[in-house]
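The lines below spell out each chain.
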Amino acid sequence: MGDELRLDAHSVTNWLLLGAAPESTLAVDELLDRGVTHVLDCRTPRRVPPPAAIRPGLVWCSAPTADDGASRGTDWYTACVSFAALAARENSARLYVHCAAGVNRSPAAAYTILRSRGWAASAARARILTSRVQARPRYFEDAELCLAELGLAEQERP
């Protein structure tokens with residue numbers, strides 16, 4: 001079994017995990033072993049459902065977006081926050097947020113989720129970048145603009 005079959009995930013909080021796409025049944029098994037109940041897939045749409053989408057015991061949601069450097073738009077951030085809120089209603093839920101490599105889109109989604117749950121921007125940013133060192137804050141500023149437009153997070157004062 002090669003490393004490409006294993007799960008590439010990091011805990012951001014006890015409730016939220018962040019990483020790369022779980023492309024094998026072994027990786028999905030690892031998600032379940034870590035107590036993950038909900039999966040937010042931030043990649044562009046797949047022609048074939050990924051293993052996590054068809055696995056009993058996981059609630060899977062696709063919030064597709066390209067990794068093109070453009071604004072994700074308020075609809076995308078709303079979809080991410082809404083799915084996280086759905087997961088948070090369950091006492092034992094754990095949410096896994098991923099994109100292809102866990103570098104740009106899924107960190108932005110995780111950041112937005114933390115911000116919408118009351119985290120300060122600096123704390124959310126630091127937690128994500130410390131938890132998943134390969135993460136890049138490419139869309140964090142975009143997230144802040146959309147969160148402000150949606151009224152979903154308090155803006156920090158300098």
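Because the structure is a prediction, the values reported are computed rather than measured. (Residues numbered from 1 in each chain as written. Predicted model: local features only at pLDDT ≥ 70, side-chain atom pairs only at ≥ 80, totals over all residues. Heavy atoms only, no water.)

Colleague: Go over the environment of Cys-42 with me, naming the residues and quoting the values.
Modeller: By secondary structure assignment, the location of Cys-42 is in the loop between strand E3 (38-41) and strand E4 (59-62). For Cys-42, a relative accessible area of 0% corresponds to the buried category. In this structure the C-alpha to C-alpha distance between Cys-42 and Asp-142, which are 100 residues apart in sequence, comes to 16 Å. Ignoring any residue separated from it by four or fewer positions in sequence, one finds Cys-42 in contact with Ala-63, Pro-64, Thr-65, Trp-76, Val-97, His-98, Cys-99, Arg-105, Ser-106 and Ala-109. (Helix = DSSP H or I, 4+ residues; strand = E, 2+ residues; numbered from the N terminus. Buried < 20%, exposed > 50% of the residue type's maximum accessible area, 1.4 Å probe, protein only. Contact = heavy atoms within 4.5 Å.)

Colleague: I'd like to hear about the sheet that holds E3, residue by residue, with values.
Modeller: Spatial ordering of the open sheet is given by E1-E2-E5-E3-E4, a layout of 5 strands whose pairing is mixed. Each edge of the open sheet is held by one strand with a lone partner, namely strand E1 (9-11) and E4. Each strand of the sheet is rotated relative to its neighbour by a mean of 20°, with strand direction disregarded. As paired elements, strand E2 (residues 16-20) and strand E5 (residues 95-99) share 5 bridges and run parallel to each other. Each residue of the ladder has a partner; that of Leu-18, found in E5, is Val-97. On the sheet, helix H2 (residues 74-88) packs against E3, E4 and E5 and is oriented at approximately 175° with respect to E3. (Pairing = 2+ DSSP bridges. Axes fitted to C-alpha atoms, helices over the stretch in contact; angles between N-to-C directions.)

Colleague: Help me get a handle on the environment of Asp-29, residues and values and all.
Modeller: One can find Asp-29 in helix H1 (residues 25-33). Overall, Asp-29 belongs to the partly exposed group, its relative accessible area being 28%. For the pair Asp-29 and Asp-142, spaced 113 residues apart in sequence, the C-alpha to C-alpha distance is 33 Å.

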